[in-house]
Every structure is written in C-alpha cells, then in structure tokens.
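In case you want the letters, here they are:
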Amino acid sequence: VVEPEAGSAPDGGVGATGAVAETAAEGGVGDKPTAPALITSEEDLGQGWRAGFAKAKDAWDVDEKESGCFFWHSLTGCCFKWDQVEATLFQYAEEEGAGPTSTPTRMPIWCSAEPDRNIWIWDQLPLPPTDAAASPDAAEALDAGEGVGALHEATVA
C-alpha cells in the first residue's frame, strides 16, 4: 500500500481512490484491478457477504467467533474488518464490476507491526473496541499526544 503524503488520506478519505486502489495499482492483488467492495444502500445488506455488515453501519460490530469486528463506513460504502489476533485492519476489495454475489478479498490496510504506515486511516475510523488501544486509559494517552502505533506497542507487549 502506498502511503499518502503528509499523513493524509488519498483524496480526503477512504474510498475508491484509497488504500485498496493504490495496492491494486502496485500489483498487490494478482494482475486484476481491484476496487473497494462497497455497500451502497441498506438493500445491499441482504446479499451475500454484505449481510455480515448489517449491524456495522458507522459502528464496530464485535464478532467474538471471528476474534475481531466489522465496520461499514456508510459515507463511502467501504467495509473493514479488524482482526484482533493479527492486530491488523483489513478493507474488503473486489474486481472492478463484480456482482453482488462475488466473494471479496481482504486487503491489509494497517497493522501494529508497521504502525506509521497508513496511519491516516485512524483519522477516518474509530478505534475498534476489541483493541486495548481503544480503552479509556489509551484514549487519555492519545489525547496527550501519543500516536496510535505507540499505544499498540504498549498494549500488545
């Protein structure tokens, strides 16, 4: 994934020109162009994999079986999964023009192993509630100027 300049998101936020599109441009997902897998309306929630995001509209939906949680950013339609075990944020992606029953790919967007890479995503999404960095103590540290990466290092160690 290409890092945006000056710590800001490409084109001002998550979306079709965001991290997934940049990863595809680098050839990160085979040879086929990849775009964010989107939910564009409430009706999409009844189709295939999108049904899993029914309770995740602009809020993290914790799934203890999956050891993480899901988030649907309704403004852009982008879908994310936080994997607590891997300490990695994934964005769902699919081939351009994929149909509603297609199976998406999960693209890593951010991970605790490289906390400064794509850090801008945390300006767009709230921290997942299953992550120790989202605790009240961590929120105070974040307000005090510590970065998200430092919080993850402290809570994972």
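Quantities reported herein were computed from a predicted structural model and do not represent experimental measurements.

Peer 1: Just to check I follow, could you spell out the side chain of K81 for this structure?
Peer 2: Structurally, the position occupied by K81 is in strand β4 (residues 78–83). Residue K81 is classed as buried on the basis of its relative accessible area of 2%. Among residues more than four places away in sequence, those in contact with K81 are E66, C69, F70, T88, L89, F90, Y92 and R106.

Peer 1: How do you make sense of the pairing of β4 when you look at a structure like this?
Peer 2: On a regular strand, each side chain points to the face opposite its neighbour's, so the side chains alternate between the two faces of the sheet. Of all six residues that make up β4, six are buried, and the element is covered over most of its length. Side chains C78, F80 and W82 project from β4 onto one buried face, and the interleaved C79, K81 and D83 project onto a second face that is buried too. The pairing of strand β3 (residues 68–73) with β4 spans six bridges and is antiparallel. For W72, the partnering residue across the bridge sits in β4 and is C79. Here β3 hands over to β4 after four residues, with G77 in that stretch at a positive phi of 85 degrees. Note: β4 against strand β5 (residues 88–95), four bridges, orientation antiparallel. When the bridges of β5 are listed, K81 appears paired with F90. Connecting the antiparallel pair β4 and β5 is a turn made up of four residues, with A87 showing a positive phi of about 50 degrees.

Peer 1: Would you mind going over unusual backbone geometry with me for this structure?
Peer 2: Both trends apply: most residues other than glycine have a negative phi, and most peptide bonds are in trans. The backbone of D58 shows a phi angle near 55 degrees, a positive value even though the residue is not glycine. Tracing the backbone through its elements, the reader meets D58 in the loop between β1 (34–36) and β2 (61–63).

Peer 1: Would you explain the environment of L89 in this entry?
Peer 2: Its location among the elements puts L89 in strand β5. As for L89 and F70, which are separated by 19 residues in sequence, their C-alpha atoms are 9.7 Å apart. Once residues within four sequence positions are removed from consideration, L89 is found in contact with W60, F80, K81, W82, M107, P108, I109, W110, I121, W122 and L125.

Peer 1: Explanation requested: the confidence of the model for the protein chain in the structure shown.
Peer 2: Interpreting fine coordinate detail is not advised for predicted regions of low pLDDT. On average, residues of the protein chain score 74 in pLDDT, and 62% of them reach the 70 mark or higher. Here residues 21–31 is a poorly scored stretch, pLDDT under 50, and it has 16 contacts once near neighbours within four places are set aside; other chains count. Low pLDDT, under 50, characterises residues 150–157; the predicted model gives this stretch 13 contacts beyond four residues in sequence or across chains.

Peer 1: Please explain the packing of aromatic side chains as it appears in this structure.
Peer 2: By convention here, two paired aromatic rings are described through the distance between centres and the angle between planes. Evaluation of the coordinates by the stated rule reveals eight aromatic pairs. Considering the side-chain rings of W60 and F71, the 5.1 Å spacing of their centres and the 50 degrees angle between planes classify their relative orientation as tilted. Here W60 is found in the loop between β1 and β2, whereas its partner F71 is found in strand β3, with 11 residues between them in sequence. Among the residues examined, F71 registers a relative accessible area of 3% and is labelled buried. For the pair W82 and W122, a centre-to-centre distance of 6.1 Å together with 75 degrees between the ring planes defines the contact as edge-to-face. You can see W82 sitting in strand β4 and its partner W122 sitting in helix α2 (residues 121–124), a full 40 residues away along the chain. Taking relative accessible area as the criterion, W82 reaches 0% and is therefore assigned buried. The ring of F90 carries R106 above its face, with NZ or CZ at 4.3 Å from the centroid.

Thresholds applied
Residues numbered from 1 in each chain as written. Predicted model: local features only at pLDDT ≥ 70, side-chain atom pairs only at ≥ 80, totals over all residues. Heavy atoms only, no water. Helix = DSSP H or I, 4+ residues; strand = E, 2+ residues; numbered from the N terminus. Buried < 20%, exposed > 50% of the residue type's maximum accessible area, 1.4 Å probe, protein only. Contact = heavy atoms within 4.5 Å. Pairing = 2+ DSSP bridges. pLDDT = per-residue confidence, 0-100. Phe/Tyr/Trp six-rings, centres within 6.5 Å; stacked < 30°, edge-to-face > 60°. Lys NZ or Arg CZ within 6 Å of the ring centre and 35° of its normal.

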